[in-house]
Amino acid sequence: MIELQNITKKIDDKYLYHDLSLMVPAGGRLLIKGESGSGKTTLLRMLLGFDFPDEGKVMIDGKKLGLENVWLLRRQMAYVSQEMQIGRGKAESFIREVLAFKNNRYLSYDRSKVLTLMDDFHLAKSTLDKRLEDLSGGELQRLAIIVTLLLERKIYLLDEITSALDQHLKELIVHYFCSLDDKTLVISSHDAIWHDQNFPTLNLGKNGSSS
């Protein structure tokens, strides 16, 4: 469960949020809407503990997110962004490297599972042997999503992950994530296809207003 309790965040003289409270239950969905600069990405960064509110609390599964437990709570979450930088080298080596990170060492590399996900997201198996710098933007985006799914987290924070894809791939990705009934989704997107899902919605406006 995710809960924001009376969150206030101010940058210079502008309120991104003022006394904002909301709750997303385990397995729930939340769509965040708002103009550029309204604080959508900052809110996702707060959930990950990369940023903190000026006032109020960020609660993950009943625990207040803070410097003392940020690494532990972050292990429950996975973040995917349109602008993820995933380095260089072969795609399969990149996947193995991510799974070897300290926080991910409880996972093992399962090539058959990787290939199944690649098939689900319409990526050729030969992609594993390609260098990341040779992949298209759409291929990189889907690879990033696959790596995130391999982490088997409880909460997925999705930041404009479909904006650079064609309609067919948008539909594929939205359908896949919507089928994950046991996962909590927090989505920031301008894409109409997400808006058509009738998720509970947080509308961020100017000067910290929300509805």
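Above this note sits the structure.
A brief look at the structure comes next. Keep in mind it's a predicted model, so treat the numbers as computed, not measured.

A few words now on the packing of helix α3 (residues 91–99) against helix α5 (residues 137–150). With their axes 10 Å apart at the nearest point, α3 and α5 run at an angle of 30° to one another. Taken together, α3 and α5 sit at an angle that is classed as roughly parallel. Where α3 crosses over α5, the two elements pack in a sense that is right-handed. For the pair α3 and α5, contact is made by Ala91, Phe94, Ile95, Val98 and Leu99 and by Leu143, Val147 and Leu150, respectively. For the contact of α3 with α5, the residue count by class is eight nonpolar, no polar and no charged.

Moving on, we come to the sheet that holds strand β8 (residues 184–188). Pairing is parallel across the open sheet formed by five strands, whose spatial order is β6-β7-β8-β3-β9. The open sheet has two edge strands with one neighbour each: β6 (77–81) and β9 (201–204). Averaged over all pairs of adjacent strands, the angle between strand axes in this sheet comes to 15°, irrespective of strand direction. The pairing of β6 with strand β7 (residues 155–159) spans five bridges and is classified as parallel. Residue pairing for β7: Ala78 is matched across the bridge by Tyr156. Across the sheet, α5 lies against β6 and β7, angled at about 180° from β6, the strand it touches most.

Generally speaking, a soluble globular protein has its nonpolar side chains buried in company with each other. Residues Ile95, Phe177 and Trp194 are the most contacted members of the largest nonpolar core, which totals 42 residues. Looking at this core, the elements with two or more residues in it are β6, α3, α4 (111–120), α5, β7, α6 (167–178), β8 and α7 (192–195).

This paragraph deals with the pattern of salt bridges. As enumerated under the stated definition, the model contains seven salt bridges in all. Between Glu133 and Arg88 there is a salt bridge whose closest N-O contact spans 3.6 Å. Taken as a pair, Glu133 in the loop between α4 and α5 and Arg88 in the loop between β6 and α3 lie far apart in primary sequence, 45 residues in all. When its relative accessible area of 30% is taken as the criterion, Glu133 is described as partly exposed. Residue Glu92 pairs with Arg111 through a salt bridge whose shortest N-O separation is 2.8 Å. Linking Glu92 in helix α3 with Arg111 in helix α4, this pair joins segments that are 19 residues apart in sequence. For Arg111, a relative accessible area of 36% corresponds to the partly exposed category.

Turning to the packing of α5 against α6, a few remarks are in order. Remark: α5 packs on α6, axes separated minimally by 13 Å, with the N-to-C direction vectors making an angle of 10°. In terms of orientation, α5 and α6 fall into the roughly parallel class. Here Arg142, Ile145 and Leu149 of α5 lie close against α6, whose contacting residues are Leu169, Ile173, Tyr176 and Phe177. By residue class, the composition of the contact of α5 with α6 is six nonpolar, no polar and one charged.

Criteria and thresholds
- Residues numbered from 1 in each chain as written.
- Predicted model: local features only at pLDDT ≥ 70, side-chain atom pairs only at ≥ 80, totals over all residues.
- Heavy atoms only, no water.
- Axes fitted to C-alpha atoms, helices over the stretch in contact; angles between N-to-C directions.
- Helix = DSSP H or I, 4+ residues; strand = E, 2+ residues; numbered from the N terminus.
- Parallel < 35°, antiparallel > 145°, perpendicular 65-115°, else oblique.
- Left-handed = near helix turned anticlockwise from the far one by under 90°.
- Contact = heavy atoms within 4.5 Å.
- Nonpolar A, V, L, I, M, F, W, Y, C, P; charged D, E, K, R; others polar.
- Pairing = 2+ DSSP bridges.
- Core = buried A, V, L, I, M, F, W, Y, C linked by side-chain atoms within 4.5 Å.
- Buried < 20%, exposed > 50% of the residue type's maximum accessible area, 1.4 Å probe, protein only.
- Salt bridge = Lys/Arg side-chain N within 4 Å of Asp/Glu carboxyl O.

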